[in-house]
Amino acid sequence: MHRAASLLLALAMAASSTLAPALSTAARADAFPGGVTRIKDITTLKGMRENQLVGYGLVVGLANTGDTLRNAPFTEQSLTSMLDRMGVNVGADQLRARNVAAVVVTSELPPFIGRGSRIDVTVSALGDARSLLGGTLVITPLMGADGQIYAVAQGPVAVTGFSAAGEAEIVTQGVPTVGRVPNGALVERELPDHFGNMRSLILELRNPDFRTAVRIADAINVYTQARFGGRGAYERDYRSVLVVNPPDVSPVRFLAELGDLVVTPDTPARVVVDERTGTVVIGADVRISTVAVTHGNLTVRVTELPVASQPPPFSNGQTVVLPDTRVEVQEGEGRLAILTGSSLQTLVAGLNQIGLRPAGIIAILQAIKSAGALQADLVIQ
C-alpha cells in the first residue's frame, strides 16, 4: 500500500510538471479576452523587406503571335543586337519573323537570400504581341534601383490565358500577354546582411495602433522579465516597438521566441463601403447613436407604345406613327426604424429590420455619418 501511494504521488507530480507550460500558455492567451494573435503575424522586422528587380529581354519561340517588327522597332533592334553578339550578321530589312516579343521582366528579391538561390519572375509583353504562350525567355539581367545586377532570368514562360484569332473573329481568355517563369531567375549578388550584429531590433506593426503597440511591449516585457530578469521592449510610437536583444542569445532565436507570444490587437472603429460592388464591412467596435431611420423606394416606369394610324381607304392620307406614352409611379413602403448600435450584433439586426439591399444600407450609413450619429470612420472606396 505504501508503494502504491508513492507511485501515485510521483505520477501526479509528473503530470503537474508536464501541464505547467500548457497552463501558462493558456493563461497567457486568456490575459486578453477576444481573438488573440501571435506577434509574428501582426508585426514585421524593420529592414527585412523585399527589393524590386526589373529587366528587359526577349521571348522567342512564339507561334506567330509575337511583335510586328515594323510596329515595334525596339524589338527589331534588340533582335539584331542579340544576333550580332552571337556572330550572326543580319540586316534590319531581312527580319520578318513574328515569333519574337520584347518583354519587361520583374521580380522581388527576398531578404537574406543567398547567391545561387532561385526566385520567380513575371514576364509582360512590351510591344503588340498577341500571346506569350509557348515562348522561352532568353537570358535577361535583372537590376535593382542602384543599377547593379542581382539576378539573371531565363526559362520557359507559363501563361494561363490564351488567344485564338481568325480572319473575322478573335477569342481571348485571361491575359495571354503576361506570364511567369517559376524559379526562372538565379541570384548572382547578395544584399548586405547586418542582422547577426544587431543588438536592438524594431518591430513594425502591420496595422499601426497605440493600444496594440503597448500590448506588444507589455507581452514581451512579461516574457523577458521571467526569462532574462529585465525589460526587453519599449514602445516607440503607434507604429513600432523597440526590442533589445539579450547578449547571450542570437537575434534569430530571440525573435523566434517572441513571435509565439500572443496579444489581442486593437482595431479602430471603421466602416468600409464599396459602392461599385455593394460591399459593406463594419468593424466590431462600430457604434451608432440612437437615431430614427426611414428609407422608401420610389419607382417611375415610362413605357413607349407607338401606334400606327392609317388613313381611310381610297383617301389621300398617309400612314403616321402616333406616340403613346404610359407612366407608372410606384412608391415602396417606407418603415421607420430606430437604430442604436450598442454592439455589432445590435447594429446588424437593426439594419436587417429595415430590410434593405446593399445600396440602401450604403445610403443609410452615409446619411447617419452626415447626421453625426456614426461613431466610426466611414471609408468609401
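Scoring rules and cut-offs
- Residues numbered from 1 in each chain as written.
- Predicted model: local features only at pLDDT ≥ 70, side-chain atom pairs only at ≥ 80, totals over all residues.
- Heavy atoms only, no water.
- Axes fitted to C-alpha atoms, helices over the stretch in contact; angles between N-to-C directions.
- Helix = DSSP H or I, 4+ residues; strand = E, 2+ residues; numbered from the N terminus.
- Parallel < 35°, antiparallel > 145°, perpendicular 65-115°, else oblique.
- Left-handed = near helix turned anticlockwise from the far one by under 90°.
- Contact = heavy atoms within 4.5 Å.
- Nonpolar A, V, L, I, M, F, W, Y, C, P; charged D, E, K, R; others polar.
- Salt bridge = Lys/Arg side-chain N within 4 Å of Asp/Glu carboxyl O.
- Buried < 20%, exposed > 50% of the residue type's maximum accessible area, 1.4 Å probe, protein only.
- Pairing = 2+ DSSP bridges.

1. Considering the packing of helix H4 (residues 210-227) against helix H5 (residues 251-259)
Think of two packed helices as two axes; the pair is described by the angle between the axes and how far apart they sit.
Here's step 1: Close contact between H4 and H5 brings their axes to 10 Å; oriented N to C, the two are set at 120 degrees. The orientation of H4 relative to H5 falls into the category oblique. H4 and H5 meet at a crossing whose hand is right-handed. On H5, the residues touching Ile220, Tyr223, Thr224 and Arg227 of H4 are Phe254, Glu257 and Leu258.
Here's step 2: Partitioning the contact of H4 with H5 into residue classes produces 4 nonpolar, 1 polar and 2 charged.

2. Brief notes about the environment of Gln148
Here's step 1: Position of Gln148 relative to the elements: it lies in the loop between strand E6 (136-143) and strand E7 (149-156).
Here's step 2: Through-space distance from the C-alpha of Gln148 to that of Arg189 is 8.7 Å; in sequence the pair is 41 residues apart.

3. So, the pattern of salt bridges
Here's step 1: Taken as a whole and assessed by the stated rule, the structure comprises 4 salt bridges.
Here's step 2: Across the pair Arg180 and Asp120 runs a salt bridge, and its minimum N-O distance is 3.4 Å. Linking Arg180 in strand E10 (residues 178-187) with Asp120 in strand E5 (residues 118-125), this pair joins segments that are 60 residues apart in sequence.
Here's step 3: Judged by its relative accessible area of 40%, Arg180 is partly exposed.

4. Quick notes on the pairing of strand E4 (residues 100-109)
Here's step 1: Counting buried positions over the 10 residues of E4 gives 7, a clear majority of the element.
Here's step 2: Pairing analysis gives 10 bridges linking strand E3 (residues 51-60) to E4, with the strands arranged antiparallel. Counted as the bridge partner of Tyr56 is Val104 from E4.
Here's step 3: Two elements, E4 and E5, share 4 bridges in a ladder whose sense is antiparallel. Residue pairing across strands places Thr106 opposite Thr122, the latter belonging to E5.

5. Section: the sheet that holds strand E15 (residues 270-274)
Here's step 1: In space, the 3 strands of this open sheet follow the order E16-E15-E24, with mixed pairing throughout. Because the sheet does not close on itself, it has two edges, and the strands there are strand E16 (279-282) and strand E24 (377-380). When strand polarity is set aside, the average angle formed by the axes of neighbouring strands in this sheet is 15 degrees.
Here's step 2: Judged from the 4 bridges that link them, E15 and E16 form a sheet pairing that is antiparallel.

6. With respect to the sheet that holds strand E2 (residues 43-45)
Here's step 1: Overall, antiparallel pairing links the 4 strands, which are arranged E2-E11-E13-E12 in an open sheet. Edge positions in the open sheet fall to E2 and strand E12 (233-235), since each of these has one partner strand only. Averaged over all adjacent pairs, the angle separating strand axes in this sheet is 30 degrees, with direction ignored.
Here's step 2: In this structure, E12 lies alongside strand E13 (residues 240-244), joined through 3 bridges in antiparallel fashion. Each residue of the ladder has a partner; that of Tyr234, found in E13, is Leu242.
Here's step 3: Along the sheet, H4 contacts E2, strand E11 (200-205), E12 and E13; its crossing angle with E12, the most-contacted strand, is approximately 165 degrees.

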